[in-house]
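Take a look at the letters that make up each chain.
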Amino acid sequence: MKRIFMGMMIMLCMSMTNVHAFGTTIHGLNGQLSDEELKRDKQAYHPFVDDFETIDDAQGTQDELWYYENLRVHQVNGVQYINLLNENWKNDDISPYHRGMEIIRYVGNERMIDLRKLRDHEVVRIIDGNVFKKMQKVIVPATVIYAGKNAFGKAKVIKDQHLHKDRDGCYRYYYQISQRKKIYAGNVTHLLLKNKGVKKVKSEAVDEMFVAYKMTIKKGQTVPLDIRMQTKDHKIYTISHRYLKIKKGYEKATKGQSMLVKGNKVRGLRKNDRLTLEISPNTMTPFEYLDIDITVR
């Protein structure tokens, strides 16, 4: 069911935007597709096919389709990109390219581009060097954590204030931990909740990119959420709520709101009310978030 659901999501996205494959795989860029690849590209994920099994005979096995869709180079509006795959992508039926997209080339003729509108349900994380060097204006989404040297040439760049241009000419997104300490967003693996008494619950995800917790608070109590991030070297740092997106999910309230949420603080209003919060850094994809299930006692 999970694989079928993901297939439907991809089909919907591709039906909304003119997207096609450009090269064979991320290791085989050649600018041309073979006849078989062109055939697959035209057939891949039709918007009204609701089951992968129905297209197996025409295009090969399910696994071949799965690999092809996730390893190939895509093109939309002159932008060529590859999917950034998480380590367990072959076993991940939900979303094998959790990490977003990497833009590798631009072959269009426009002189202004807004990368926030590139694709639905996907986010730009990396932009290779020299990609937009001929542009006059580039609008960069807050999800971008790295842009290579001369990625924007002499263009006017509208970007998040935390995406800094370093001495090597590359742009990197940093979380400011203290006056002297900053963490490169590309080194962050996932978020943690460190409030006392919270319970970590089992997640269906194949890695730690989705983490779920349960916690209780008292009626009338205001609780600051102690949210931290873990890096690739397994170090843990407190992250300010100004770097986070906090979204209300499921809510059960006797009347009105179940709880007040302001910044990283939650206040319980009535007993037995319940709220789930989805919390993610600005730079992460919609699939990478911390899920907190809060009940008022």
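Along every chain, residues carry numbers that run from 1 in the direction the sequence is written. Predicted model: local features are reported for residues with pLDDT of at least 70 only, side-chain atom pairs are reported and counted for 80 or more only, and whole-chain, interface and lining totals are derived from all residues. Side-chain metrics in this entry use all non-hydrogen atoms of the structure; hydrogen atoms and water are not considered.

Student: Sorry, what's going on with the overall build of the protein here?
Tutor: Each helix and strand in the protein was counted, giving 4 helices and 23 strands. Relative accessibility under 20% of the residue-type maximum defines a buried residue, over 50% an exposed one, and the middle range a partly exposed one, all with a 1.4 Å probe and only protein chains included. By the burial criterion, 48% of the 297 residues in the protein qualify as buried. In the protein, of all internal contacts separated by at least 6 residues, the share reaching a separation of at least 24 is 54%. Each helix corresponds to a stretch of at least 4 residues labelled H or I by DSSP, and each strand to a stretch of at least 2 residues labelled E; elements are numbered beginning at the N terminus. We call two residues in contact when some of their heavy atoms are within 4.5 Å.

Student: How do you make sense of the environment of Gly 148 when you look at a structure like this?
Tutor: Here Gly 148 lies in the loop between strand 8 (146-147) and strand 9 (156-158). On the basis of relative accessibility, which here comes to 5%, the residue Gly 148 falls in the buried class. Distance in space between the C-alpha atoms of Gly 148 and Asp 128 is 4.8 Å, their sequence separation being 20 residues. Residues contacting Gly 148, with those up to four places away along its chain left out, are Ile 127, Asp 128, Gly 129, Gly 169 and Cys 170.

Student: What exactly am I supposed to notice about the pattern of salt bridges here?
Tutor: Pairing between side chains of opposite charge can happen when their charged atoms approach one another. The term salt bridge refers to a pairing of a side-chain nitrogen on Lys or Arg with a carboxyl oxygen on Asp or Glu at a separation within 4 Å. One pass over the full model with this rule turns up 8 salt bridges. As a salt-bridge pair, Lys 117 and Asp 114 come within 4.0 Å of each other at their nearest N and O atoms. Take Lys 117: its relative accessible area is 66%, and that puts it in the exposed class. Relative accessible area serves as the criterion here: at 14%, Asp 114 is assigned to the buried category. Residues Lys 248 and Glu 251 are paired through a salt bridge, measuring 4.0 Å at the closest nitrogen-oxygen approach.

Student: Would you mind going over the confidence of the model for the protein with me for this structure?
Tutor: Low pLDDT means the predicted atomic positions in that stretch should not be read closely. Confidence of the predictor in every single residue is expressed as pLDDT, which spans 0 to 100. Across the protein, pLDDT averages 76, with 66% of residues at or above 70. Contacts of residues 1-33 to residues separated by more than four positions or lying in other chains number 89 contacts, the stretch itself having pLDDT below 50. In the model, residues 40-59 has pLDDT below 50 throughout and makes 41 contacts with residues more than four positions away in sequence or in other chains.

Student: Looking at this model, I keep getting lost on the side chain of Asp 114. Mind explaining?
Tutor: Here Asp 114 shows up in strand 5 (residues 112-114). The definition of a polar contact used here is a pair of N or O atoms within 3.5 Å, where within protein one atom must be able to donate a hydrogen and the other to accept one, and adjacent residues in sequence count solely through side-chain atom pairs. Here Arg 116 takes part through its side chain, which lies 2.7 Å from a polar atom of the side chain of Asp 114.

Student: Is there a simple way to explain the sheet that holds strand 17 (residues 227-231) in this structure?
Tutor: Think of a sheet as strands paired side by side through backbone hydrogen bonds, with each pair either parallel or antiparallel. In space, the 3 strands of this open sheet follow the order 13-17-18, with antiparallel pairing throughout. Both edges of this open sheet fall to strand 13 (188-193) and strand 18 (236-238), since each of them pairs with a single strand only. The mean inter-strand angle of the sheet, taken between neighbouring strand axes irrespective of direction, is 30°. Paired strands, in this sense, are two strands between which DSSP finds at least two bridges. Relative to strand 17, strand 13 is paired through 5 bridges, and the arrangement is antiparallel. Bridge pairing links Leu 193 to Ile 227 in strand 17. Axis geometry follows a simple rule: fit a line to the C-alpha atoms, using only the stretch in contact for helices, then measure angles between N-to-C directions, giving values from 0 to 180 degrees.

Student: Just to check I follow, could you spell out the nonpolar core for this structure?
Tutor: Soluble, globular proteins show a tendency: their nonpolar side chains are buried together. By size, the foremost hydrophobic cluster in this structure holds 58 residues, and its most contacted members are Ile 103, Ile 127 and Phe 132. In contact with Phe 132, not counting residues within four places along its chain, are Val 79, Ile 103, Tyr 106, Ile 113, Leu 115, Ile 127, Val 138, Ala 151, Phe 152 and Gly 153. Put simply, a nonpolar core is a bunch of buried Ala, Val, Leu, Ile, Met, Phe, Trp, Tyr and Cys residues held in one set by side-chain atoms that sit within 4.5 Å of each other.

Student: Please clarify how the pairing of strand 17 should be interpreted in this entry.
Tutor: Note on strand geometry: in a regular strand, side chains alternate between the two faces of the sheet. Burial within strand 17 is extensive, with 4 of its 5 residues counted as buried. Sheet analysis places strand 17 next to strand 18, joined by 3 bridges and oriented antiparallel. Pairing of Arg 228 across the sheet is with Thr 238, part of strand 18. Hairpin connection between strand 17 and strand 18: a loop of 4 residues separates the two successive antiparallel strands, and His 234 in this loop has a positive phi of roughly 70°.

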